[in-house]
Amino acid sequence: MSLKIRKERINYISKKWGLKKAHPLIATHKINPDFFKEFKFNLKLYISKALKIDFAADDKIFLKNINQARNNRLNVTPNGAVVPKREYHLEYNIVLRNWCELVKQITKKKPKLLRLFRITPNIRIKFGQELKDNKNRGLSTSLIHSDAWVEGPWGMNCFIPFFGDIKKNNLRFYEPKKNEFNENFMKIAKTYKEMQWVLKHYKPINNFYPRKGFVNISDYSAIHNTFRSKNC
């Protein structure tokens, strides 16, 4: 699939679903504020159960509680993914219900355009300081990468920041340099490390960063990574 066709796909879903095109390879959907509030509340319940921390309605207090539990790694992977377990499956299922409802909201103007989506999204916590056991991992999301390298070339990412220091701790996206894209950039690999040669053909997208309250849909050719600024 050429870069032109990838851009045309973003154009098409933007028009048919009423999305805002933030970049030729990225489109955004503004979440209804009341629904976003509900979704965030249920995510925090799920996280509090998994990390065994106190729930707090105030985001700043809740973030402090999360940070104090950074060494409680029983239910969190090195990459920060919160792992669903039997003892809090109810809270997880409520999150999944919100996620599926959100997908319906995004696609309601032309639902048949969406043929497949991941019903179990990754819920990730990205601490201000990288977890030690995630450093130097071949599949660390701090490495610039494409999900195509583990899932195949045809998909799109869906990213939603819910709370935290998103100006200093967020996803950073990169686009192909002019006339340098090749479909070999999207081939499957065992690790992100072995595909770092692709980076010489890319440049940062400096005029876009994901905002709270928005769904950010990006083609796999818009590679990205978890990017932390100093003192995030």
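Right above here is the structure, for reference.
Presented here is an overview of the structure given in this document. (Residues numbered from 1 in each chain as written. Predicted model: local features only at pLDDT ≥ 70, side-chain atom pairs only at ≥ 80, totals over all residues. Heavy atoms only, no water.)

**Considering the sheet that holds strand 5 (residues 202-204)**
The sheet built from three strands is open, its strands ordered 5-4-7 with antiparallel pairing. The sheet is open, and its two edges are formed by strand 5 and strand 7 (223-228), each paired on a single side. Looking at each pair of strands side by side, their axes are set apart by 35° on average, direction ignored. As paired elements, strand 4 (residues 169-176) and strand 5 share three bridges and run antiparallel to each other. Counterpart to Glu 175 in the pairing with strand 5 is Lys 203. (Pairing = 2+ DSSP bridges. Helix = DSSP H or I, 4+ residues; strand = E, 2+ residues; numbered from the N terminus. Axes fitted to C-alpha atoms, helices over the stretch in contact; angles between N-to-C directions.)

**Concerning helix 4 (residues 89-107)**
Here helix 4 contains 19 residues, and its C-alpha end-to-end distance of 27 Å stays within 8% of the 27 Å for a straight helix at 1.5 Å per residue. Those residues of helix 4 not exposed but buried are Glu 91, Tyr 92, Val 95, Leu 96, Asn 98, Trp 99, Leu 102, Val 103, Ile 106 and Thr 107. Buried positions in helix 4, seen along its axis, are confined to an arc of 160° and lie on one side of it. In helix 4, the exposed positions angled more than 90 degrees off the buried face are occupied by Leu 90, Arg 97 and Lys 104. For helix 4, the elements touching its buried residues are helix 1 (3-17), strand 2 (26-30), helix 2 (33-51), strand 3 (156-159) and strand 6 (214-219). (Expected span 1.5 Å × (residues − 1). Buried < 20%, exposed > 50% of the residue type's maximum accessible area, 1.4 Å probe, protein only. Arc of directions from axis to C-beta. Contact = heavy atoms within 4.5 Å.)

**Observations regarding the packing of aromatic side chains**
Applying the stated rule across the entire model yields 14 aromatic pairs. Geometrically, the ring pair formed by Phe 41 and Phe 55 is edge-to-face, given 5.0 Å between the ring centres and 65° between the ring planes. You can see Phe 41 sitting in helix 2 and its partner Phe 55 sitting in the loop between helix 2 and helix 3 (59-68), a full 14 residues away along the chain. For Phe 55, a relative accessible area of 30% corresponds to the partly exposed category. By the ring-pair criterion, three or more aromatic residues cluster together here, those being Phe 35, Phe 36, Phe 39 and Phe 162. The lysine or arginine in question, Lys 44, covers the ring of Phe 163, its NZ or CZ lying 6.0 Å from the ring centre. Positioned above the aromatic ring of Phe 227, the side-chain terminus of Arg 172 is 3.6 Å from the ring centre. (Phe/Tyr/Trp six-rings, centres within 6.5 Å; stacked < 30°, edge-to-face > 60°. Lys NZ or Arg CZ within 6 Å of the ring centre and 35° of its normal.)

**Concerning the sheet that holds strand 3**
Pairing is antiparallel in the open sheet, where four strands are placed in the order 1-2-6-3. A strand with exactly one partner marks an edge of an open sheet, and here the two such strands are strand 1 (20-23) and strand 3. Strand after strand, the sheet turns through a mean of 25° between neighbouring axes, direction not considered. In the sheet, strand 2 pairs with strand 6 via five bridges, with the strands oriented antiparallel. By the bridge assignment, Ile 26 is partnered in strand 6 with Ser 218. Where helix 1 meets the sheet, its contacts fall on strand 1, strand 2, strand 3 and strand 6, and the angle it forms with strand 6 comes to roughly 150°.

**Quick word on unusual backbone geometry**
Although it is not a glycine, Lys 52 adopts a positive phi angle of roughly 60°. With a phi close to 60°, Asn 179 is a non-glycine residue in the positive phi region. Mapped onto the elements of the fold, Asn 179 is located in the loop between strand 4 and strand 5. A relative accessible area of 76% places Asn 179 in the exposed class.

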